[in-house]
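Structure assessment
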Amino acid sequence: MWRYVRRRLVLAVLTFWAVSTIVWGLLYLTGDPVAILLAGTPAGQTDVEQLRHALGFDRPLPIQYLHFLSAAVQGDLGNSLRSGEPALLLVSRRVGFTVQLALLAMTLALVVSIPVGIVSAMFRGSLTDRTLMLLSMVGQSMPIFWVGLLMIAVFAVELRWFPAGGAGGIKYLFLPAATLALYPMARIARLVRSSLLDVLNRDYILAARARGLREALVVGKHALKNAALPVITIVALQFGYMLGGAVITETIFGWPGVGLFTVTAIHERDFPVVQAAVVLASGMFIALNFLVDLLYGWLDPRIRFS
Amino acid sequence: MREPPLLEVEDLRVEFPTPKGSVRAADGVSFRVWPSEIVGLVGESGCGKSVTTLALMRLVRPPGRFSGRIVFKGRNLMALSEHEMRLLRGGEMAMIFQNPMTALDPVFTVGDQIAEVFQSHPQLRTGDVRTAAAAVLEQVRIPNPRAQLNAYPHQFSGGMAQRVMIGMGLAGRPSLLIADEPTTALDVSVQAQILDLLRAIREKLHTAVILITHDLAITAQLCDRIVVMYAGQVVEASPTRELFRAPRHPYTRGLLDSMPRLGHKRARLEQIPGQPPDLRALPVGCRFAPRCPRAEERCRTEEPVLVSSGDGRYVRCHFPLEAR
């Protein structure tokens, strides 16, 4: 097990390093960063040269990269070109909101989708199953901006249960979380169902019944643990997307998360902030994947011992 | 053999509805098993062997349906509650499968899965479960049983995993063990060991065994009696020696002729022409008639019934073969 954990950890760190290098490199792929920054402004050649020197873009690329790396290791991803504040700090302030939103959304999604998937699989082909799967298909197909507007129209405007937007207590969190939860909820419910149906056809399920196990044990212990593996992958993936920022949801509800903030930074060509946002999001994504790998190893001995 | 049979199956039918009509996987299957007897259930793939034994344990899943009379140790299994039936499974009646690597749950230890048998049957709950589980592994000659309890299925070889399955089946001290192609997925060198183990179990524990196989050579080594199935029906049942010496049904004869045998110089093995019939579109009359070299007009119009010839042999044929 420890060998497995160590290998996964090394892999996670290497991935993180590779991602940050790519993020750094992308800046140069889009053309001269200074020219892009000054595009549309009446800047003369001397202004360009001055800014280039001030930002360190006149140094050779390897030096710039080493400088970026050594600063990054110390948690310095440069300062915002607009406000002058440290980029990482600016992004970090927003990350808390994003994490809150993602956590509540994923909790909602799981609380609904797992029981729905199990019930659908157990009563396959029944009216309940068909109704639930129809609903989940609808949920999976509805565009998120429309769901958000619908939520506002019904729960904020008509029923006045929740505020239509902004940030504050849990009251403000609920509608955006529900909106964000809908797609993964539908997707995970369908996946739980299909994964469980697949597992229920396996030999070891028949063998468990043949040795006299109660049906509750056959399904609740043997089938569920085996069916969990593919579900975990998708849950982690969806959660990762959420941590990267839910731009549309945040825009609709005016939620001050990292997604909307990053889009604004892109519009303002504030590349240190964009870099910080991408590096942080990918860092969380990689950490999440590492946790999933650990969970896999814990659940499946074939992975743990290989 | 004059004691009452351990298992009596009469007119067992198993049906699966499909969009193209219902499939009768077993159609009027009848046979008996006496205590501590090894009975071979033989036939080609899809002839209804496995489904018949699943029905015996009432493990045919919906939408599949089954009917008939199953009497086990004097109890009518069709009349038992699901709870009583569950206690019987893994208790007095156990089953092992073709591929032990897929029949063991990969994410639980072998010890855990053996312990489940004890935990699921109140009548077996005596003493320490781990000790009992280790004894199970010891019984099927797995070295170092206590340590092996913590191992996962993928850490065993196929042969060892099949021993684990057999041990698990024996944990409830069954009077009937159903073995569904227990050696088919194993290396040839391991097959003999597993067959030896089954023989030893019968000797020591007096467990009756229904051995499902498509390999007549295995039944010749192991079985007291053989039941031959074709297209969902029993076509012949006979003590092993008599069956091999003088098969009565042309299908049995075909199976024997397609089997390599020592001391018989034959240029090539015979094969039975054609395919088994589609169970959704069965021929009128005898189901084997389209492939039968001896078929006559009557075979194509009138369905034969299983008749006893009084010497413990049964055959379903209008024109059974005489001794060669």
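Definitions and limits used
Residues numbered from 1 in each chain as written. Chains lettered and ligands numbered in written order. Predicted model: local features only at pLDDT ≥ 70, side-chain atom pairs only at ≥ 80, totals over all residues. Heavy atoms only, no water. Helix = DSSP H or I, 4+ residues; strand = E, 2+ residues; numbered from the N terminus. Polar contact = N/O pair within 3.5 Å; in protein donor to acceptor, adjacent residues only side chain to side chain. Contact = heavy atoms within 4.5 Å. Axes fitted to C-alpha atoms, helices over the stretch in contact; angles between N-to-C directions. Left-handed = near helix turned anticlockwise from the far one by under 90°. Nonpolar A, V, L, I, M, F, W, Y, C, P; charged D, E, K, R; others polar. Domains from an automatic or database assignment. Buried area = accessible area lost by both parts, 1.4 Å probe. Salt bridge = Lys/Arg side-chain N within 4 Å of Asp/Glu carboxyl O. Phe/Tyr/Trp six-rings, centres within 6.5 Å; stacked < 30°, edge-to-face > 60°. Lys NZ or Arg CZ within 6 Å of the ring centre and 35° of its normal.

Considerations on the side chain of A:R209
Within the secondary structure, A:R209 is located in helix α9 (residues 203-210). One polar contact links A:R209 to A:E215, side chain to side chain, over a distance of 2.8 Å. When neighbours within four sequence positions are excluded, A:R209 is seen to be in contact with A:L200, A:E215, A:V218, B:L59, B:R61 and B:R89.

Examining the packing of helix α7 (residues 144-158) of chain A against helix α8 (residues 170-200) of chain A
All names here are of chain A. At a minimum axis separation of 9 Å, α7 and α8 run at an interaxial angle of 140°. Classified by chirality, the crossing of α8 by α7 is right-handed. Contacts from I144, V147, G148, M151, I152, F155 and A156 of α7 reach α8 at L175, A178, T179, L180 and L182. For the contact of α7 with α8, the residue count by class is 10 nonpolar, two polar and no charged.

A closer look at the domain arrangement of chain A
All names here are of chain A. In terms of domains, chain A is made up of domain 1 (1-85) and domain 2 (88-299). Contacts between domain 1 and domain 2 engage 28 residues on the former and 22 residues on the latter. A combined buried area of about 2,200 Å² lies between domain 1 and domain 2, and 72% of that area is made up of carbon and sulfur atoms. Applying the counting rule to domain 1 against domain 2 returns two salt bridges. The tally of links from domain 1 across to domain 2 stands at five residue pairs in polar contact (both at pLDDT 80 or more). Contributing elements (two or more residues each) for the side of domain 1 that touches domain 2: α1 (2-29) and α2 (33-38). Classifying every residue of the side of domain 1 that touches domain 2 by side-chain character gives 18 nonpolar, seven polar and three charged.

Some words on the side chain of B:K49
All names here are of chain B. Within the secondary structure, K49 sits in helix α1 (residues 49-56). Engagement of the side chain of K49 in a polar contact is seen with the side chain of E181, the distance being 3.4 Å. Excluding residues within four positions of it along the chain, K49 makes contact with L41, V42, G43, E44, E181, I212, T213, H214 and M229.

Some details on the packing of aromatic side chains
Summed over all chains, the structure comprises 10 aromatic pairs over all chains. An aromatic cluster of three or more residues is present, and its members are A:W24, A:Y65 and A:F68. One cation-aromatic arrangement involves A:K225 over B:F108; the distance from NZ or CZ to the ring centre is 4.6 Å.

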